[in-house]
Amino acid sequence: MPLAQLRELQNARLKQQVDYVYHRVPFYKAKFDALGIHPSSFKGLADITKLGFTHKTDFRDTYPFGLFAVPQSEVARLHCSSGTTGKATVVGYTAEDLNTFAEVVARSLAAAGCRPGMKLQNAYGYGLFTGGLGIHYGAEKLGLTVIPVSGGGTDRQLQLLQDFQPEIICATPSYAQVLAEEIRRRGIPADALNLRHAVLGAEPWTETIRQQVESGLRVQATNIYGLSEIMGPGVSQEDVAERGTGSYIWEDHFYPEVVDKDTGEPVAEGELGVLVFTTLTKKAMPILRYWTNDITNLYYGESRSRTHVKMGPIRGRSDDMLIIRGVNFFPTQVEAILQELQHLSPYYQVVASRRGSLDEVAVSVEISEELMRRLELTTVTEAALGQHECLRTLQGTFAKKIKDNIGLSMQVQLVGFGELPRSEGGKLSKVQDLRNVP
Ligand code: ADP
Ligand code: K
């Protein structure tokens, strides 16, 4: 669609979406009333910056269904953002939304080089996470044969890649690296596989990873980006013939902006800032100007087969969310667990690192002063752990709660009270991300 026509479409859809939420979602009505915005005088794209932002906290504050615009009987499916506990981000879809979701994923897979008749091994996790089912229905819509193997289980993944001969694999980039490494390690010959395309997303990745995956799996690897709040995977996708030049945003459904992370003002084309999305066609849960916290840039320009805007790779996040093996993780989730465990102090440190191609997380936590006194300890040594069963139980319980609530296995280390750094008045960084430190 020519750009001018696309703008007209977006403009009309935005006006409709503003009118729709004003009359259906009390959260937006209250917000717009406070901002002096009324659908009758709202001018569309020209007025979009007047709408303020929607933040992740707005989802938590209205948990679970406060942002829904339709009665529950019209909600065909619920998903949650990955790796969040308790008051997580709940998202809902009408049958029409699910159709749009499948449509944008089908479009994404086509841009990635997939064609009807090919087989797709889907190694994204199935469940509340939008990745698995999102890819699944989009692949079916495009006319692919789906192998819904879900995430993990490397032996089985490799077996099916050899037995079923799929042309396409969908996975997180870090898991695709694992598969490539295992194929090399096990000496599986290159012609035992039939892969041609890898569609990778849910976490940031680099050109180095692309090279490893492309040579290890003998594929063309493209980026798929998305987020539950807006839809799920398939908000943007790299074209297979334009790899390395950015991902097309399907902006007839998701209107993107990039704004300054401090002022919230729009930045010039090509400049880095926080990515903000407005849904243009969502029915169950329309979201206006969602502050994604993802840092990237938007640009039109050379090397393109479509009119839609491209986004660069995600450079980082403007909040403290870590993405570990595709799972979103806020260090404050550790804090919440600490509060439940009597013999641990509230002081902790999280260290994310990379072993081989897989991300790992280690958490150090202090035991309470009271427990130190009771066990007559000055620090927590291996010997102390060996001697006191209660310490080992505490460590095990903490690790299990982390696994159950956050969905990630972490190495847990107990240390003595007072051993972790304290704030000296300023902000104390409880998180070290060493994954990209050479
Ligand atoms: P998803 O199922 O797409 O991972 P979530 O809602 O669980 O959705 O997580 C969304 C976040 O994941 C995004 O805001 C972004 O930080 C990250 N993410 C998703 N896809 C990519 C990608 N291709 N590159 C970098 N980060 C990504
Ligand atoms: K994610």
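Heads up: the structure comes first, above all this text.
Residues numbered from 1 in each chain as written. Chains lettered and ligands numbered in written order. Predicted model: local features only at pLDDT ≥ 70, side-chain atom pairs only at ≥ 80, totals over all residues. Heavy atoms only, no water.

*Asks:* Provide a residue-level description of the overall build of the protein, including the pertinent values.
*Replies:* What the protein contains, in helices and strands, is 12 helices and 21 strands. For 438 residues, the compact-globule formula gives about 22 Å, and the C-alpha radius of gyration of the protein, at 23 Å, lands near that figure. Dimensions of the protein, computed from the C-alpha atoms along their principal axes, are close to 75 × 60 × 45 Å. Relative to its 438 residues, the protein shows a buried fraction of 54%. Taking the contacts inside the protein whose residues are at least 6 apart along the sequence as the reference set, 64% of them involve residues at least 24 apart. (Helix = DSSP H or I, 4+ residues; strand = E, 2+ residues; numbered from the N terminus. Rg over C-alpha atoms; globule rule 2.2 N^0.38 Å. Buried < 20%, exposed > 50% of the residue type's maximum accessible area, 1.4 Å probe, protein only. Contact = heavy atoms within 4.5 Å.)

*Asks:* Talk me through helix α7 (residues 173–185); I want residue IDs and the actual numbers.
*Replies:* Helix length check: α7 (13 residues) gives 18 Å between terminal C-alpha atoms against 18 Å at 1.5 Å per residue, within 8%. Among all positions in α7, only P173, S174, Y175, A176, Q177, V178, L179, A180, E182 and I183 are buried. Where α7 is buried, its residues meet α6 (154–163), β5 (168–171), β6 (197–201), α8 (207–217) and β19 (358–367). In the segment just after α7, G187 is the residue with positive phi, at about 65°. (Expected span 1.5 Å × (residues − 1).)

*Asks:* Help me get a handle on the coordination of the potassium ion (ligand 2), residues and values and all.
*Replies:* The coordination sphere of the potassium ion (ligand 2) contains the protein donors A202 (O), G326 (O) and N328 (OD1), at a distance range of 2.6 to 3.0 Å. Between the 6 donor atoms coordinating the potassium ion (ligand 2), the angles at the centre fall across 57 to 158°, so the site counts as irregular. Linear spacing of the donor residues for the potassium ion (ligand 2) on their chain is A-x123-G-x1-N. N328 gets classed as buried once you look at its relative accessible area, which sits at 12%. (Donors = N, O, S within 2.8 Å, 3.2 Å for Na, K, Ca; no water. Tetrahedral: all angles 85-135°; square planar, octahedral: opposite > 155°, others 65-115°.)

*Asks:* Residues and numbers for the pattern of salt bridges, please.
*Replies:* Pairing between side chains of opposite charge can happen when the charged atoms of each approach one another. One pass over the structure, following the stated rule, counts 29 salt bridges. Across the pair R435 and D433 runs a salt bridge, and its minimum N-O distance is 2.8 Å. The buried category is assigned to R435, whose relative accessible area is 13%. (Salt bridge = Lys/Arg side-chain N within 4 Å of Asp/Glu carboxyl O.)

*Asks:* Pulling in residues and values, what's your account of the side chain of S345?
*Replies:* Along the chain, S345 falls in strand β18 (residues 344–355). Polar contacts involving the side chain of S345 include one to the main-chain amide nitrogen of Y347, which spans 3.0 Å. Not counting chain neighbours up to four residues away, the residues in contact with S345 comprise L338, V365, E366, I367, S368 and F417. (Polar contact = N/O pair within 3.5 Å; in protein donor to acceptor, adjacent residues only side chain to side chain.)

*Asks:* Let's hear about helix α2 (residues 26–35): which residues, and what values?
*Replies:* What α2 keeps buried is the set Y28, K31 and F32. Buried residues of α2, seen end-on, are gathered within an arc of 95° and therefore sit on one face of the element. More than 90 degrees from the buried face of α2, the exposed residues found are P26 and A34. Here the buried face of α2 lies against α1 (3–24). Positive backbone phi, approximately 70°, marks G36, located one or two places after α2. (Arc of directions from axis to C-beta.)

*Asks:* Could you give me a rundown of the sheet that holds strand β3 (residues 119–122), with the residues and numbers involved?
*Replies:* Spatial ordering of the open sheet is given by β4-β3-β5-β6-β7-β8-β9-β14-β13, a layout of 9 strands whose pairing is mixed. A single partner strand is all that each edge strand has here, and the edge strands are β4 (145–147) and β13 (298–299). In terms of strand pairing, strand β8 (residues 232–238) meets strand β9 (residues 247–249) through 3 bridges, oriented antiparallel. Looking at the pairing, E238 lines up with S247 of β9. Running over the sheet, helix α5 (residues 130–142) touches β3, β4, β5, β7 (220–227) and β8 and is turned about 170° from β3. (Pairing = 2+ DSSP bridges. Axes fitted to C-alpha atoms, helices over the stretch in contact; angles between N-to-C directions.)

*Asks:* Let's hear about the sheet that holds strand β20 (residues 411–415): which residues, and what values?
*Replies:* With mixed pairing, 4 strands are arranged side by side in an open sheet as β20-β19-β18-β21. Of all the strands in the sheet, just β20 and β21 (431–433) have a single pairing partner and so form its edges. If you compare each strand with its neighbour and ignore which way they point, the axes differ by 15° on average. Where β18 and β21 come together, 3 bridges link them in parallel fashion. In the strand pairing of β21, V351 is matched with Q432. Taken strand by strand, helix α12 (residues 389–406) contacts β18, β19 and β20, and its axis lies near 140° from that of β20.

*Asks:* So, the site of ligand 1: which residues are in play, and what are the values?
*Replies:* The full set close to ligand 1 counts 20 residues, and N223, I224, G226, S228 and D294 are the nearest of them. Here an oxygen atom of ligand 1 sits 3.4 Å away from a polar atom, N or O, in the side chain of S81. Residue N223 places a side-chain N or O atom 2.7 Å away from a nitrogen atom belonging to ligand 1. Protein coverage of the free-state accessible area of ligand 1, which is 540 Å², stands at 97%. Sort the elements by how many residues they give to the shell around ligand 1 and β7 lands first, with 5 residues. Looking at the shell around ligand 1, its residues break down into 8 nonpolar, 8 polar and 4 charged. (Near = heavy atom within 4 Å. Areas by Shrake-Rupley, 256 points an atom, 1.4 Å probe, with all protein chains shown as cover. Nonpolar A, V, L, I, M, F, W, Y, C, P; charged D, E, K, R; others polar.)

*Asks:* Give me the lowdown on unusual backbone geometry, citing residues and values where you can.
*Replies:* A cis geometry characterises the amide bond from Y63 onward to P64, with omega recorded as -5°. Even without being a glycine, R218 presents a positive backbone phi close to 55°. Its location among the elements puts R218 in the loop between α8 and β7.

*Asks:* Go over the packing of α1 against α2 with me, naming the residues and quoting the values.
*Replies:* At their nearest, the axes of α1 and α2 sit 6 Å apart, and the two run at 105° to each other. For the element pair α1 / α2, the angle class is roughly perpendicular. Only P26, Y28, K29, F32 and D33 of α2 make contact with α1, whose side of the interface consists of V18, V21, Y22 and R24. (Parallel < 35°, antiparallel > 145°, perpendicular 65-115°, else oblique.)

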